[in-house]
Amino acid sequence: MGFFQQIHRSIFDTALYAELPAIPRSRKVLYVVQLLILASLVAGLSHAYYVLDAKRGIAAPLEDAFSGIAIDSGRLTAQRALPCTAPPRDVAILFNRLFDVPFSVALQGAPPVIVDTAYAPKPGDTLLRIVLAAKGIAVYNAAALYISLPYAVLFPDCRHFSFAAPFITSWLRGRIPSLAVNFILLEAVQCGLVMLLSICFLSLAAFIFRIDRSRTWFHCMSIAGFAVTPVPLGLMLMAVSGTSIPYGGFLLFLVSSVVMSRALRATGTMTSPQNPGDRANHDL
């Protein structure tokens, strides 16, 4: 049975779940890994495409947020009064397009971005904030420095970086391979976490509320590994369409819960216990 056939059957054909005891554990794990790889590739490449798009990319909001600012030989220069703070709406758009954070969530929760070549944290500071300082980008958690990235590291081959939309677009297009790899890795981490949490919650719920007490948690997990299919598929569809739905991961988990419920009924997990001779056939 091919991988794409497994994807189709895992959602629409409950007979697949009755066949799981005969499938080696390595093939079950391989299916989840293949799902993650496929979702990471599709979502990562889609993400990179939209970041470069003229209307839905990051060039325009970067120009709106940081016009009049440039990086020359690893140092920030400004043709505007400093310190200044980037407009929250532009920051929210950047978080949405770079990290898939829903715009409404980013607008309320994104940290302020401050441009200040002479910035120094104060003892009373309590909020997370991002600072474009003289020689690099710094992230402060309360009054402590959390991480610092020098401009010389961020722009190693660029002596002059301008926050003008045409320049940003040209600079990004010259780095498409590395951009694609970065977004594929980002999507792999995000999708992997959502899939892992979904599989754990689905299998744990099935194990706790099982009627047939002979069913093991590993058997429930093997079912969840296939029932989780709607999650990466939904994430891929959102990435391809360029949309970011608030609580989209939770909605996809609910769809997987329906698939899991049907799978449990198909395997008898939610029906009356079978005779002892048949039970052993369902264990991994």
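Look up a bit, the structure's there.
Residues numbered from 1 in each chain as written. Predicted model: local features only at pLDDT ≥ 70, side-chain atom pairs only at ≥ 80, totals over all residues. Heavy atoms only, no water.

1. Regarding the sheet that holds strand β2 (residues 75–78)
Here is step 1 of the chain: Within the open sheet, the three strands sit side by side as β2-β1-β8. Their pairing is antiparallel. The open sheet has two free edges, formed respectively by β2 and β8 (160–162), since each of these has just one partner strand. Taken over all neighbouring pairs, the strand axes of this sheet differ in orientation by 25 degrees on average, direction set aside.
Here is step 2 of the chain: As paired strands, strand β1 (residues 69–72) and β8 are joined by three bridges and run antiparallel to one another. (Pairing = 2+ DSSP bridges. Helix = DSSP H or I, 4+ residues; strand = E, 2+ residues; numbered from the N terminus. Axes fitted to C-alpha atoms, helices over the stretch in contact; angles between N-to-C directions.)

2. What about the environment of A224?
Here is step 1 of the chain: When you line up the elements, A224 lands in helix α10 (residues 217–227).
Here is step 2 of the chain: Overall, the relative accessible area of 0% leaves A224 in the buried class.
Here is step 3 of the chain: The spatial distance from the C-alpha of A224 to the C-alpha of A206 is 8.8 Å, given a sequence separation of 18 residues.
Here is step 4 of the chain: When near neighbours in sequence (up to four residues on either side) are disregarded, A224 contacts I199, L202, S203 and M260. (Buried < 20%, exposed > 50% of the residue type's maximum accessible area, 1.4 Å probe, protein only. Contact = heavy atoms within 4.5 Å.)

3. Let's talk about the packing of aromatic side chains
Here is step 1 of the chain: If you walk through the whole model with that rule in mind, you get 14 aromatic pairs.
Here is step 2 of the chain: When the centroid spacing of 5.3 Å and the interplanar angle of 90 degrees are considered together, the rings of F161 and W171 count as edge-to-face. One end of the pair, F161, is in strand β8; the other, W171, is in helix α8 (residues 165–173), with 10 residues separating them in the sequence. In this structure, F161 and W171 share a single accessibility class: buried.
Here is step 3 of the chain: Among the aromatic residues, those joined into a ring-pair cluster are F66, F155, F161, F163, F167 and W171.
Here is step 4 of the chain: Above the face of the F218 ring, R25 is positioned so that its terminal group lies 5.8 Å from the ring centre. (Phe/Tyr/Trp six-rings, centres within 6.5 Å; stacked < 30°, edge-to-face > 60°. Lys NZ or Arg CZ within 6 Å of the ring centre and 35° of its normal.)

4. Comments concerning the packing of helix α4 (residues 59–66) against helix α5 (residues 88–99)
Here is step 1 of the chain: Packing of α4 against α5 brings their axes to within 9 Å, and their N-to-C directions diverge by 150 degrees. The pairing of α4 with α5 is recorded here as roughly antiparallel in orientation. The handedness of the crossing between α4 and α5 is left-handed. For the pair α4 and α5, contact is made by P61, L62, D64, A65 and F66 and by D90, I93, L94 and R97, respectively.
Here is step 2 of the chain: Within the contact of α4 with α5, the residues separate by chemical class into six nonpolar, no polar and three charged. (Parallel < 35°, antiparallel > 145°, perpendicular 65-115°, else oblique. Left-handed = near helix turned anticlockwise from the far one by under 90°. Nonpolar A, V, L, I, M, F, W, Y, C, P; charged D, E, K, R; others polar.)

5. Some remarks on helix α11 (residues 230–241)
Here is step 1 of the chain: For α11, which comprises 12 residues, the first-to-last C-alpha distance of 16 Å matches the rise-based estimate of 16 Å (1.5 Å per residue) to within 8%.
Here is step 2 of the chain: Buried within α11 we find P230, V231, P232, G234, M236, M238 and A239.
Here is step 3 of the chain: In the core, the buried residues of α11 are packed alongside α1 (3–12), α3 (25–52), α9 (176–208), α10 and α12 (248–267).
Here is step 4 of the chain: Where α11 ends, the next residue or the one after it, G242, has phi of about 75 degrees, a positive value. (Expected span 1.5 Å × (residues − 1).)

6. Section: the sheet that holds strand β7 (residues 144–150)
Here is step 1 of the chain: In space, the five strands of this open sheet follow the order β3-β4-β5-β6-β7, with mixed pairing throughout. Looking along the sheet, the strands with just one partner apiece sit at the ends: β3 (84–85) and β7.

7. Remarks on the packing of α4 against α8
Here is step 1 of the chain: Running from N to C, α4 and α8 cross one another at 135 degrees; their axes reach a closest spacing of 8 Å. Viewed along their axes, α4 and α8 adopt a mutual orientation that is oblique. The hand of the α4/α8 crossing is right-handed. Here A59, A60, L62 and E63 of α4 come into contact with α8, specifically with A165, P166, I168 and T169.

8. Considerations on the side chain of T229
Here is step 1 of the chain: Within the element layout of this structure, T229 appears in the loop between α10 and α11.
Here is step 2 of the chain: Residue T229 is classed as buried on the basis of its relative accessible area of 0%.
Here is step 3 of the chain: Residue contacts for T229: discarding those within four places in its chain leaves I7, S10, I11, Y31 and L35.

It is worth stressing that arrangement in space is one thing and function is another; only the former is reported here.
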